[in-house]
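Read off the chains here:
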Amino acid sequence: MNNSIGYLFSILLLLFFSACSSKLDTGNINIENWKSDRYGCKGLRMQDLEELERIKNSFLGADNQELIKTFGRPDRVELVDKSQSFFFYFLEPSDKCDGIEIEKEPLRVLFRMNAISKVSEVNITTLNP
């Protein structure tokens, strides 16, 4: 009886720790600047563009909770259908920035999420999905 309780406790502990998402490795990206630059209004995210381009494929397979813990809440989320959605993080000022007139589509990072909320593609672009 005592042995089965220990076994059950071990399984529950393993499930608990495997269910917790952790932060992703972001190389030399200044995450504090990133999180404080909602919609790219301050231009701080652009400082990390080169590093982001270098490591963007390392985020493939990450889940949506890992992205949120790492980069903060997305600037925009777009649900395309039941099988995919996009997380947008603006690198250049977007139309949500006060006092900034947008002349062109801002540069952004798009994380494409598949049906099980895993990153299947990362693009740095001015295009919408």
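Residues numbered from 1 in each chain as written. Predicted model: local features only at pLDDT ≥ 70, side-chain atom pairs only at ≥ 80, totals over all residues. Heavy atoms only, no water.

(A) Spatial organisation of the pattern of salt bridges. A full pass over the atoms with the stated rule returns seven salt bridges. With a shortest N-O distance of 2.7 Å, Glu-51 and Arg-54 are connected by a salt bridge. Linking Glu-51 with Arg-54, this pair stays in helix 3 (residues 49-55), spanning three residues, or about one helical turn. Since its relative accessible area comes to 58%, Arg-54 is described here as exposed. Ionic pairing is found between Glu-92 and Lys-104, a salt bridge with its closest N-O pair at 3.0 Å. With Glu-92 in the loop between strand 2 (84-90) and strand 3 (108-113) and Lys-104 in the loop between strand 2 and strand 3, this pair connects stretches of sequence that are twelve residues apart. Members of the salt-bridge network, linked through shared partners, are Arg-38, Arg-45 and Asp-75. (Salt bridge = Lys/Arg side-chain N within 4 Å of Asp/Glu carboxyl O. Helix = DSSP H or I, 4+ residues; strand = E, 2+ residues; numbered from the N terminus. Buried < 20%, exposed > 50% of the residue type's maximum accessible area, 1.4 Å probe, protein only.)

(B) Geometry of the pairing of strand 4 (residues 119-125). The pairing of strand 3 with strand 4 spans six bridges and is antiparallel. Note on strand 4: the bridge partner recorded for Arg-112 is Glu-121. The loop that links strand 3 with its antiparallel partner strand 4 comprises five residues; one of these, Ser-117, has a positive phi angle of about 60°. (Pairing = 2+ DSSP bridges.)

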